[in-house]
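# Close look at the chain arrangement
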Amino acid sequence: MLESISWLAAASVLSGVVSAGFIWYLWPYRNRLGGRFFIATIGCEALWALSYGVALLVFDPALREVFEIPIWVAINFIGVFFLAFALEYTGRRKLLRSKTMAAVVGLQILHTLVVVTNSLHHVAWSGYRIEPTFGAATVVYAHQPWLFVNAAGFILMIAVGSFLLADTVFSYGPLYRSQAAAIAVSPVFPGLPFLLWLAEIGASPPVNLTPLVFPVHLAFDMYAFFSREMFDLVPAARRTADRAAIENLGSPVVIVDSGHRIIELNEEAARLVDATATAALGRPVSEYLPDVDPAGGKQTYSRRIDGRKRIYAVTTAPLTDASETRVGDTIVFQDITDERQREQRLAVLNRVLRHNLRNDLNVVQGYLEIAAERIDDPELDRMIRTASRNTAGVVALGEKARQIEGAMQADTGDTGPVALLPLVESLRDELRASHPNGTVDVEIPSDTAVRARRSLLEIVLENVLENALEHGDSTTPTATVRLLDPGATEDVLTVEIRDDGPGIPEHELAVLDDTEETALEHGSGLGLWIVKWGVDALGGSVAFDVSEVGTSVRIDLPKAGAVFEASEVPGASEVHGASGASEASDAPEASDAPEPDHE
């Protein structure tokens, strides 16, 4: 008999000791998300197992029934703590302070009071008596309906907590999968013997073996804790990050299901649709955004908010599950009102400067040239010719502005392999006309190709070469174009253009680094800006090295991805005229000059 008593009681006590020992390891993590509730859950298991183990040694009926109280206290609150742990661990902490959770706790307190006072009313059980099994003080009593309600609440809370953890397995990928799955599955092992005991299935009298199975349950918990960094990789961080990413985006975000019903929206979206998030949930998106197609890709949407018309760029993206089945769509609204207004203003200014003003300056320039031919006064002739040159400079500046517009619209062109040598040679030949005393030396292998938009690359290289010849040596300016050794970089080619002039002023380069000009610090022209914006649009980078012997401009460009013979590269045999790079000359083409007062 002693061996039988020792076997049942010792196994239960040992299970409680293991649980208490695990709490010792968990204690330093009590302030982590879910830590305190997880420790409380294991504490209830320890209380249950230890109380049951000691109770198996007590054969006095009255005293034996007293030990049922701590057992049922542990049963009542193990579900509460496990549910609270699952809520906090998976990022649903705010539900812990909800009225529903308060009602759950209140109900479990009521169940506990019923158990404590059961000897007075026998609502939980009746007919309590000891019927030894294997020499242990096992008991038999009639399960009253309240006991089933009590147990059902405990089982339901465990099930809900396990479901929340299982949802993490499928929702958040492999990062949290192992530990969440282990904790979600672990309640199954003690849950099965508890259900068998509650239904009085098995040996007669039925023995509640639940505490004896706790070590199996704890093995899964220990795996999650010791091997999977249970409290270091917490799903709550991912869930909070997902939510914060939507709320803190600053742009309206609406998520719809496959039936185009709103299932999620942030505060900005609620403001956009002029409805509370609660009212909009579950409603068709067409009720609030009738002109938006959830599966329509990129769109534009306008709406008056706070008395001002706002324009949004709408981007939609499908939501798919693990089987790649489309389950909904995400709709993101980006406010482009200010951008549209800025584009409109720039378009107006650009039209005025490039069209109206240039027409008038062309007329002025023509009359100045006529006047210079008819005036005999040398001093007056000098002033008129100076005015004519300055006027031509302003016209040329308008042409630079057109090149900038081309650089800013680089995305509208096709990108492909461009042979570098014929492009540079064609630029060299055209620059000879405007700089007859200048020399451009080219040291580029014939099979060199870069991946770029040809016309934009042409604009960039032309401006660098033109600057080198204009600001080089005063008598015989020389520019050298060569390909530098890429070194360890296999995806980038570096082109260097070196001149022999005094160098670009430091304040003009500083303006490029600061990305804006001020009244006291600005560039003398637009050429450097064209180079910077153009190279940026090509996906490359540009660096300037100024020394006493000249300026070196290094341009990194994406490699074409293969070595081409010049004849094999598209556009290699084309003449320079197609790109429009000659538009940087001092005088505009006659065919491009608009009629005066056209607008």
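A quick note: this is a predicted structure, and the numbers were derived from the prediction, not measured.

## Here we look at the sheet that holds strand β11 (residues 478-484)
- Taken together, the five strands give an open sheet; going across it, the order is β9-β11-β12-β14-β13, and neighbouring strands pair in mixed fashion. In the strand order of this sheet, the two ends are held by β9 (439-443) and β13 (541-547), each with one partner. Across the sheet, the axes of successive neighbouring strands diverge by a mean angle of 15°, strand direction being ignored.
- Bridging between strand β12 (residues 492-499) and strand β14 (residues 550-558) involves seven bridges; their strand directions are antiparallel. Paired with Val492 across the bridge in β14 is Pro558.
- Across the sheet, helix α17 (residues 454-470) lies against β9, β11, β12 and β14, angled at about 170° from β14, the strand it touches most.
- Contacts from helix α19 (residues 527-537) reach β13 and β14 within the one sheet, and its direction differs from that of β13 by about 145°.

## What about the sheet that holds strand β5 (residues 299-305)?
- Taking strand neighbours across the sheet as the criterion, the five strands line up as β4-β3-β7-β6-β5 in an open arrangement whose pairing is antiparallel. Two strands lie at the open edges of the sheet, namely β4 (262-265) and β5, each paired on one side alone. Each neighbouring strand pair of the sheet contributes to a mean axis angle of 30°, computed without reference to strand direction.
- Relative to strand β6 (residues 308-320), β5 runs antiparallel, the two being bridged by seven bridges.

## Here's the deal with helix α16 (residues 420-434)
- For α16, with 15 residues, the first-to-last C-alpha span of 22 Å sits near the 21 Å given by 1.5 Å per residue.
- Restricting attention to buried positions, one finds in α16 the residues Leu420, Leu421, Pro422, Leu423, Val424, Ser426, Leu427 and Leu431.
- In this fold, the buried residues of α16 make contact with β8 (416-419), β9, β10 (449-452), α17, β11 and β12.

## Regarding a nonpolar patch on the surface
- Judged by side-chain polarity, Leu14, Val17, Val18 and Leu50 come together as a nonpolar surface patch covering roughly 310 Å² of accessible area.
- Broken down by element, the residue count for the nonpolar patch peaks at three residues, all from helix α1 (residues 2-26).
- Tracing the chain through its elements places Val18 in helix α1.
- Using a relative accessible area of 31% as the deciding quantity, one classes Val18 as partly exposed.

## Digging into the pattern of salt bridges
- Scanning the entire structure with this criterion turns up 16 salt bridges.
- We note a salt bridge from Asp545 to Arg554, for which the minimum N-O separation is 4.0 Å.

The rules behind these values
- Residues numbered from 1 in each chain as written.
- Predicted model: local features only at pLDDT ≥ 70, side-chain atom pairs only at ≥ 80, totals over all residues.
- Heavy atoms only, no water.
- Pairing = 2+ DSSP bridges.
- Helix = DSSP H or I, 4+ residues; strand = E, 2+ residues; numbered from the N terminus.
- Axes fitted to C-alpha atoms, helices over the stretch in contact; angles between N-to-C directions.
- Contact = heavy atoms within 4.5 Å.
- Expected span 1.5 Å × (residues − 1).
- Buried < 20%, exposed > 50% of the residue type's maximum accessible area, 1.4 Å probe, protein only.
- Patch = residues over 30% accessible without salt bridge, like charges linked within 9 Å, V, L, I, M, F, W, Y side chains within 5 Å.
- Areas by Shrake-Rupley, 256 points an atom, 1.4 Å probe, with all protein chains shown as cover.
- Salt bridge = Lys/Arg side-chain N within 4 Å of Asp/Glu carboxyl O.

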